[in-house]
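# Analysis of the macromolecular model
Spelled out, the chains give:
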Amino acid sequence: MTLQRLGQLGLELLVCSIHPIPGSYYFTWTTTVRVRSDPLGDTVSSVEVPVDVLLSLPMFLRLYLICRVMLLHSKLFTDASSRSIGALNRINFNTRFVLKTLMTICPGTVLLVFMVSLWLIASWLLRACERYHDDDHANLMNSMWMIAITFLSIGYGDIVPNTICGRGIAVCTGIMGAGCTALVVAVLARKLELTRAEKHVHNFMMDTQLTKRLKNSAANVLRETWLIYKYTKMVKRVNATKVRTHQRKFLMAIYSLRKVKMDQRKLMDNANTLIDLAKTQTSVYEMTADMYNQTNTLADRIERMEKTVDTLQEKLDNLPALIAKQLQPQPQQKRLKTRGHFIPRQASLHLPETQSVENRCALPRQSSLQQYPSFRRDSSSSSVQNLGTKTNSPSPEKPRPNLQKTSPTPSPPISRTSSANI
């Protein structure tokens, strides 16, 4: 229990506890009474008034219980599904919400009941306050007449309140009348408004009419343009009167064309506000779904990019070690030994002229294969055997291409003994 709840509970108990007490108790009520025959002469009236009058006036504050009964017996409040939907949308099912729904469903009935109830209650209260001082208010019909003209903001002045209680009731009645008048105007405006289907039909008819007017205006512009050209360029003598007349018509046609275009623009602006709620909801749902899919795709791409960046970072971290490993000085390779003798590089490059091109390419290829340890022995032995067989067999003399481009002088041939030893 909060302080607000405690205050509301105490106020409710106080309002419900006020009622006339048993017995007859009176008090003297003094007030100034206006004399109708002499407007400038007012008399002071002091009468004995029962205490029940003062205690019966606040009893009408209990009318708030009607709103509570409307809330508790409302279908929206008793329906579990409606309350669940309201809870999901954060809507409190209170008296304000019930009154709004009633004003939406049956606004005319609600306003009629409210105004009639206010009229009767205010009339009874005014009579109770004024009947002991003014005989005009002793009749309930006179009080109802005064409340009616006050409610409608007319105020003829034939009947006026004299006591402070009666004047307060008249002020409250005037405020309630202004509010009810505004509500009546709003309800009538809503009732006179076109429905969605009627608006579509009306806009279609207006669009058709404006299209016809636009075509007529455009045709008038073209006609007057042709007539002006005809009476200025195709005649021997120009008639200034006719030219001036057609110029005026030409300007009027242009003005009419612009006005029709402006009306079409206004009609399109009004038609854009008539989009169905279902279409709007569908488009918004599709846009939301597209945004959700794009967000998921973007998140996947960002995740892949993060993985790629991590991989690149790892490779960049390992790059200095790989560069240092490649830049380390490698141990000098031993020369290939075959049968206890070294193969000189220059001797392998300079072969006798009688050998073929295939025999010349064998030894350089052998020297290039020396850097692979797994193929040193096999490649060297095979190349030497091929070289020995080739050199022992005489080859026919054929025109040989000059393979040594850099040195113009031929290299000295290798003797047979050296080749045989190899």
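In this report, the structure presented in the accompanying data block is examined. Please read all numbers here as calculations on a predicted model, not as lab measurements.

### A closer look at the nonpolar core
Counting 11 residues, the largest nonpolar core is built from Leu57, Ala122, Leu125, Leu126, Ala128, Cys129, Met146, Ile147, Ile159, Ile169 and Ala170. For this core, the secondary-structure elements that each account for two or more residues are helix 7 (107-130), helix 8 (140-151) and helix 9 (164-192). The element best represented in this core is helix 7, accounting for 5 residues. When sequence neighbours within four positions are dropped, the list of residues in contact with Leu126 reads His137, Ser143, Met146, Ile147, Pro161, Gly166 and Ile169.

### Some remarks on the packing of helix 7 against helix 9
Contact pair helix 7 / helix 9: the axes reach a minimum separation of 10 Å and the direction vectors enclose 170 degrees. The pairing of helix 7 with helix 9 is recorded here as roughly antiparallel in orientation. Residue-level contacts link Pro107, Leu111, Phe114, Met115, Leu118, Ala122, Leu125, Leu126, Cys129 and Glu130 of helix 7 to Cys165, Gly166, Ile169, Thr173, Met176, Cys180, Leu183, Val184, Val187 and Lys191 of helix 9. Within the contact of helix 7 with helix 9, the residues separate by chemical class into 16 nonpolar, 2 polar and 2 charged.

### With respect to the packing of helix 3 (residues 64-72) against helix 6 (residues 95-105)
For the pair helix 3 and helix 6, the least separation of the axes is 9 Å and the interaxial angle reads 75 degrees. Comparing the axis directions of helix 3 and helix 6 gives the class roughly perpendicular. Counting all contacts with helix 3, which are made through Cys67, Met70 and Leu71, the residues of helix 6 involved are Thr95, Val98, Leu99 and Leu102. Its residues assigned to classes, the contact of helix 3 with helix 6 shows 6 nonpolar, 1 polar and no charged.

Parameters at a glance
- Residues numbered from 1 in each chain as written.
- Predicted model: local features only at pLDDT ≥ 70, side-chain atom pairs only at ≥ 80, totals over all residues.
- Heavy atoms only, no water.
- Core = buried A, V, L, I, M, F, W, Y, C linked by side-chain atoms within 4.5 Å.
- Buried < 20%, exposed > 50% of the residue type's maximum accessible area, 1.4 Å probe, protein only.
- Helix = DSSP H or I, 4+ residues; strand = E, 2+ residues; numbered from the N terminus.
- Contact = heavy atoms within 4.5 Å.
- Axes fitted to C-alpha atoms, helices over the stretch in contact; angles between N-to-C directions.
- Parallel < 35°, antiparallel > 145°, perpendicular 65-115°, else oblique.
- Nonpolar A, V, L, I, M, F, W, Y, C, P; charged D, E, K, R; others polar.

On their own, these measurements won't tell you what the molecule is for.
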